[in-house]
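# Breakdown of the fold
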Amino acid sequence: MDEFAALIDALIYTRSRNEKLRLIAEYLRATPDPDRGWALASLTNELDFPAVKSSTIRNLLKERIDPVLWTLSRDFVGDTAETASLLWETGQVGAKTDVTTSLSLDEVVGRLSAMTRGTVATELPKLLDALDVNGRYALLKLATGGMRVGVSSRLAKTAFAQAFEVSIDDVEEYWHGLEPPFPELFAWAAEGEDPPDIENLPTFRPFMLAHPLEETEVSLKDYAAEWKWDGIRVQLVRAGHEGEEQTKLYSRSGDDISATFPELLDALPINAVLDGELLVRGATQGGEEGGAASFNALQQRLGRKTVSKKMLREAPAFVRLYDVLILEGEDLRELVWEKRRKRLEGLMSHLPDSHFDLSALVEARDFEHLTEIRERSRDDAIEGLMLKRRDAPYVAGRRTGLWYKWKRDPLLVDCVLMYAQRGSGRRSSFFSDYTFGCWDGDPDEGADLLPVGKAYSGFTDAELKKLDRHVRSNTINRFGPVRETDKSLVFEVAFDSVHESKRHKSGLAMRFPRIHRIRWDKPVHEADRIEALRALIRD
Amino acid sequence: MSAPFSWIRPEPWGIHVVPADAWIDPGRPVGRALVTHGHADHARGGHGETIATPETLAIMALRYRTGVEDENGELPTRATPVEYGETIRLPGGVDATYIPAGHVLGSAQILLEHAGERIVCTGDYKRRADPTCPPFEVTPCDVFITEATFGLPLFTHPPIEEEMGKLLGRLEAHPDSCVLVGAYALGKAQRVIAELRAAGHTQPIYLHGAMEKMCRLYEEHGVELGELRLVSDHAKDAMRGHVVVCPPGALNDRWSRRLPDPITAMASGWMRVRQRARQRNVELPLVISDHADWGELTRTIEEVDAQETWITHGREDALLRWCQLHQRRARALALVGYEDEDD
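Residues numbered from 1 in each chain as written. Chains lettered and ligands numbered in written order. Predicted model: local features only at pLDDT ≥ 70, side-chain atom pairs only at ≥ 80, totals over all residues. Heavy atoms only, no water.

Within an unreviewed UniProt entry, the label attached to chain B reads DNA ligase-associated DEXH box helicase, and the organism entered is Blastomonas marina.

Identification of chain A as DNA ligase (ATP) from Blastomonas marina is taken from an unreviewed UniProt entry. As recorded by UniProt, the Catalytic activity (unreviewed entry) comment attached to chain A reads in full: "ATP + (deoxyribonucleotide)n-3'-hydroxyl + 5'-phospho-(deoxyribonucleotide)m = (deoxyribonucleotide)n+m + AMP + diphosphate." (UniProt positions renumbered as here; feature names shortened; annotations may be inferred.)

Tallying secondary structure elements over chain B gives 7 helices and 19 strands in all. Scaling as 2.2 N^0.38, a compact globule of 343 residues should have a C-alpha radius of gyration of about 20 Å, and chain B matches this with 21 Å. Of all 343 residues assigned to chain B, the portion counted as buried reaches 58%. A sequence separation of at least 24 residues applies to 62% of the contacts in chain B between residues at least 6 apart. As displayed, chain B offers around 13000 Å² of accessible surface, 46% of which is attributable to carbon and sulfur atoms. (Helix = DSSP H or I, 4+ residues; strand = E, 2+ residues; numbered from the N terminus. Rg over C-alpha atoms; globule rule 2.2 N^0.38 Å. Buried < 20%, exposed > 50% of the residue type's maximum accessible area, 1.4 Å probe, protein only. Contact = heavy atoms within 4.5 Å. Areas by Shrake-Rupley, 256 points an atom, 1.4 Å probe, with all protein chains shown as cover.)

We now examine the domain arrangement of chain A. Its domain assignment divides chain A into domain 1 (2–144), domain 2 (208–407) and domain 3 (411–534). The C-alpha-based centres of domain 1 of chain A and domain 2 of chain A are spaced at 40 Å. (Domains from an automatic or database assignment.)

Okay, unusual backbone geometry next. Pro34(A) follows Asp33(A) through a cis peptide bond whose omega is -5 degrees. Backbone torsion omega between Pro180(A) and Pro181(A) reads 5 degrees, so that peptide bond is classified as cis. Within the fold, Pro181(A) resides in the loop between α11 (168–175) and α12 (183–191). Look at Asp25(B): it is not a glycine, yet its phi comes out positive at around 45 degrees. Within the secondary structure, Asp25(B) is located in the loop between β3 (22–24) and β4 (32–34). The class of Asp25(B) is buried, set by a relative accessible area of 3%.

Our focus in this paragraph is the packing of aromatic side chains. Evaluated as defined, the whole model comprises 20 aromatic pairs over all chains. Among the aromatic residues, those joined into a ring-pair cluster are Phe76(A), Phe150(B), Phe155(B) and Trp270(B). Of note, Arg320(A) hangs over the ring of Trp229(A), and the distance from its end group to the ring centre comes to 4.3 Å. (Phe/Tyr/Trp six-rings, centres within 6.5 Å; stacked < 30°, edge-to-face > 60°. Lys NZ or Arg CZ within 6 Å of the ring centre and 35° of its normal.)

Each side of the interface is counted separately: chain B has 25 residues, and chain A has 28 residues. Roughly 2600 Å² of surface becomes buried between chain B and chain A when both sides are summed, with 54% attributable to carbon and sulfur atoms. Together, Arg274(B), Gln275(B) and Arg278(B) form the three largest contributors to the area buried by chain B at its contact with chain A, with a combined 32%. Taken together, chain B and chain A are joined by 5 salt bridges. Note that Arg274(B) is salt-bridged to Glu82(A), the shortest N-O span being 3.8 Å. Along the contact surface separating chain B from chain A lie 9 residue pairs in polar contact (both at pLDDT 80 or more). Sorting the residues of the side of chain B that touches chain A by element identifies α5 (274–279) and α7 (316–325) of chain B as the ones contributing at least two each. (Buried area = accessible area lost by both parts, 1.4 Å probe. Salt bridge = Lys/Arg side-chain N within 4 Å of Asp/Glu carboxyl O. Polar contact = N/O pair within 3.5 Å; in protein donor to acceptor, adjacent residues only side chain to side chain.)

With that settled, consider the packing of helix α5 (residues 67–77) of chain A against α7(B). The N-to-C vectors of α5(A) and α7(B) enclose an angle of 170 degrees; their axes lie 10 Å apart at closest approach. With respect to α7(B), the axis of α5(A) lies roughly antiparallel. Residues Val68(A), Leu69(A) and Leu72(A) of α5(A) pack against Asp317(B), Ala318(B), Arg321(B) and Leu325(B) of α7(B). Split into classes, the residues belonging to the contact of α5(A) with α7(B) amount to 5 nonpolar, no polar and 2 charged. (Axes fitted to C-alpha atoms, helices over the stretch in contact; angles between N-to-C directions. Parallel < 35°, antiparallel > 145°, perpendicular 65-115°, else oblique. Nonpolar A, V, L, I, M, F, W, Y, C, P; charged D, E, K, R; others polar.)

Let us look at the domain arrangement of chain B. Residue and element names in this part refer to chain B. For chain B, the domain assignment lists domain 1 (8–154 + 291–332) and domain 2 (160–286). For domain 1 and domain 2, the distance between their C-alpha centres works out to 29 Å. Between domain 1 and domain 2, the contact holds 20 residues from the first and 17 residues from the second. Carbon and sulfur atoms supply 74% of the area buried between domain 1 and domain 2, which totals about 1600 Å² over both sides. The tally of links from domain 1 across to domain 2 stands at 1 salt bridge. A salt bridge links arginine 191 to aspartate 130; its shortest N-O distance comes to 3.9 Å. Along the contact surface separating domain 1 from domain 2 lie 3 residue pairs in polar contact (both at pLDDT 80 or more). For the side of domain 1 that touches domain 2, the residue count by class is 10 nonpolar, 4 polar and 6 charged.

This part is about the nonpolar core. In terms of nonpolar packing, the biggest core is built from 116 residues, with Phe4(A), Leu112(A), Leu124(A) and Phe160(A) touching the most fellow members. Top element by residues in this core is helix α10 (residues 153–164) of chain A. It accounts for 7 residues. Those residues within four positions of Phe160(A) in sequence are excluded, and the remaining contacts are Leu28(A), Leu40(A), Val166(A), Val171(A), Leu185(A), Phe186(A), Trp188(A) and Ala189(A). Ile160(B), Leu167(B), Val179(B) and Cys215(B) belong to the second-largest nonpolar core, a separate cluster that totals 36 residues. (Core = buried A, V, L, I, M, F, W, Y, C linked by side-chain atoms within 4.5 Å.)

Considering the arrangement of structural elements, one finds Leu508(A) in strand β20 (residues 508–511). In this view, Leu508(A) contacts Val452(A), Val498(A), His499(A), Ser501(A), Ile530(A), Leu533(A), Arg534(A) and Ile537(A); residues no more than four positions away in its chain are not counted.

What follows is about the UniProt feature "domain: Metallo-beta-lactamase" (unreviewed entry) in chain B. As recorded in UniProt, the sites labelled "domain: Metallo-beta-lactamase" (unreviewed entry) are residues 26–151 of chain B. In this annotation, residues 26–151 of chain B is assigned 9% helix and 32% strand; the end-to-end C-alpha distance for the span is 22 Å.

With that out of the way, let us pick up the layout of surface pockets. Its volume calculated, the second largest pocket comes out at about 1200 Å³. What lines the second largest pocket is a set of 39 residues, and nearest its centre among them are Asp9(A), Tyr13(A), Asn134(A), Lys166(B) and Pro285(B). Every element with two or more residues in the lining of the second largest pocket is listed here: α1 (2–12), α2 (17–30) and α9 (133–144) of chain A together with α2 (160–173), β16 (262–267) and β17 (284–286) of chain B. A total of 5 residues in the lining of the second largest pocket trace back to one element, the largest contributor, which is α1(A). (1 Å grid on protein atoms, 1.4 Å probe; cavity = no way out; pocket = protein on both sides within 12 Å on 5 of 7 lines; lining within 4 Å. Points joined across faces, edges and corners; volume = space filled by probe spheres on them.)

Residues and elements named next belong to chain A. Where burial is concerned, most of strand β6 (residues 272–285) is hidden: 10 out of the 14 residues are buried. Sheet topology note: the strand β4 (residues 232–239)/β6 ladder contains 7 bridges and is antiparallel. The partner of arginine 233 across the bridge, within β6, is glutamate 277. Two elements, β6 and strand β7 (residues 317–327), share 9 bridges in a ladder whose sense is antiparallel. Bridge pairing in β7 places valine 273 opposite isoleucine 326. (Pairing = 2+ DSSP bridges.)

Turning next to the packing of α1(A) against helix α3 (residues 35–43) of chain A. Residues and elements named next belong to chain A. Running from amino to carboxyl end, α1 crosses α3 at an angle of 35 degrees, the nearest separation of the two axes being 11 Å. The handedness of the crossing between α1 and α3 comes out as right-handed. Only Ala39, Ser42 and Leu43 of α3 make contact with α1, whose side of the interface consists of Phe4, Leu7, Ile8 and Leu11. Residue composition of the contact of α1 with α3, by class: 6 nonpolar, 1 polar and no charged. (Left-handed = near helix turned anticlockwise from the far one by under 90°.)

Take the pairing of strand β11 (residues 143–148) of chain B next. Across a regular strand the side chains alternate sides, sitting on one face of the sheet and then on the other. All names here are of chain B. In terms of residue burial, β11 counts as a mostly covered element, since 6 of its 6 residues are buried. Burial of the side chains of β11 extends over both faces: Val143, Ile145 and Glu147 are buried on one face and Phe144, Thr146 and Ala148 on the other. In terms of strand pairing, strand β10 (residues 117–121) meets β11 through 3 bridges, oriented parallel. When the bridges of β11 are listed, valine 120 appears paired with phenylalanine 144. As paired elements, β11 and strand β18 (residues 308–314) share 5 bridges and run parallel to each other. Residue pairing in the sheet places isoleucine 145 in a bridge with tryptophan 310 of β18.

All names here are of chain B. Overall, parallel pairing links the 6 strands, which are arranged β14-β13-β15-β12-β16-β17 in an open sheet. Every interior strand has two partners, whereas the edge strands, β14 (228–230) and β17, have only one. Across the sheet, the mean angle from the axis of one strand to that of its neighbour is 30 degrees, orientation sign disregarded. Sheet analysis places β16 next to β17, joined by 3 bridges and oriented parallel. Across the sheet, residue methionine 266 finds its bridge partner in β17, namely proline 285. On top of the sheet, α2 reaches β12 (178–182), β15 (243–246), β16 and β17; it is set at about 155 degrees to β17, its chief contact.

Next comes the structure, spelled out in structure tokens:
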């Protein structure tokens, strides 16, 4: 555990990507199994200890120190795990038990896994008592997930590949078929044993992703255009020997969401790996012809562990197919897009219309014509266009020049800053999360502001400092960590779409809101009204 | 008979000592200022008369020309020195005594006595030993006006030896780099240098140009800093394996490009919080502060044991809460202009 804590500490203070890779690779080479596997799992966010929640930690601490002092401290630090690691020994006499031997990471993981909601309150303190401040920090981060050490899952895998001189693409390929602490992966990469066998397992294959198209024009000779449907990107996988086939549905991040959409699991009649957009039947996107409801309709079905019959009837899901990666054991990813597209088109007649259709190509004379088509897409409630290089293979991740997403321009509305909250991570202590509102009537006749959204992005570091100062010097009320400001600042907020929502008092919810411009100059009574925002609904 | 302590009034820009018409650490020019120490959020130029310790006045003369003749040979601002332990009688029957605060060279608490009441204003202070200034003295009083910069229970400054060990250890492990330490130009920088000397580091230490004059001033006041060199006078390679000290603002500045593979360190109490260190792109956080930590703040309030504790600047909410929990009468003063200096 000491080595792991030291690694986490070193990573936090390291800026250079190469240095981070070196630190992780060195750790992975020097540390025995299974500790290094657990460390890798923790850096890639693969660990989950359901009994240990942020609230568990909060409650433990509130028993040890005054709740008000805890809240003030947590608010300042911006991170529950770090605050707890710093405060654990405060005011505790002789808290440190005699620790002669250091705990291994494996033991720590074992003890965390064994905790239940009933035992966590007595077991977690024992672990905390056995560690110093850095150890406590690493433990709590490990236990609650989200290390916040500036290491993405991809970077950790790259470090693994570098440590043992194997290909990162192979690591990605095997990754999703394996479980922490990844003994097969280390056996293959570090000991030179056979690679893990995933061919007959329904594992997730890394997605090919797109860059945003910015001020570039592309030739339609080289690129094919498709609509960018507003659902969620999914991968449907069926694999296994005859009679033992299994089907799984994965989200973009590789999460298994099969249970949420059971109707799709029996619908695929052949072994294949398919890439597409998960949508709900409807007539919002692209009208009757488009055949898909708004994202809002799909959202009603996301995040559910079980689905009612009513839900299946009222919001039936289907997959609009973009690509085919593997077909009846044949890996097609090396083929160029045009060839894969042909195979996909040929496949369609074998798939039931009830659950699958093909993402149509958008035909245009030239780029200018395509631009016109894209501009009309808002009326059709479509997010925008995708541009795919005709001669590109299917490669994992985001490669320059192969795929572009070309979203339509965002909607804009002027809102008034109402509340602010401190951010976390690099923004801890800065007021960086803003809730803004629109007028519920004529502000000159005494109308109120109603919150319409919340944004955390779209401003530079210098603007963040200025906004932070604005919040500090214009606070009129405090509700725990939330500051209410004096309603004196206008934000031009950009967003992709707006929908009805029962969750908000204004009855509206924005999709992807971000601060487009800070209107230091604009008087607040000139900000937009709720009606103006409501008029933009396309549901 | 007027209400207790009504002769002293906290205003947003300073503490007004009414009978003497004097201000403690005022944030704007006044006729008569009682200044606790030379940091910019406490000491400003332009006061008619500044009453402070001789060391603080020397710092203010350097920074604001306080008590220095102008080009016409006139004296636009007067400086009245008061030694530690000395009492000065102010108009209106107020006695002011300057007592060591242990914060930086010349830093003082000011004890004010009037109408049989004693009020101590600490300015900034710490309780740890510091080779560059005499230690804080606990002074019994009726009202104790304390700072609260690190007034949250999570702030525990580690022993300075540990932090020096981290710094020298890193230097030893990277003989081809230099360790660039960001440190507040008045006080922190000199303390870090003096502590390095105390830890047995005899190598020359390189300085950013903005630190030179203050280091010389410290030396003139008897603080030994060993061999100091200016970065601008030396070639890049000469600095490999050495400590370089600069103001925090220069850490991520273009200036640092002239250094050989610098490892960025920062000496500050805020470095206790990881994300604070990350925000400043610090690779080697050194938790070194010239302020009292939480344990020292609360211990000091108990030791002084005043009838009332007034809390000036910093994390006043938490210290106020602590006073409530310990049945101590306390209030927070909403003073403006004090900043979270890079300490």
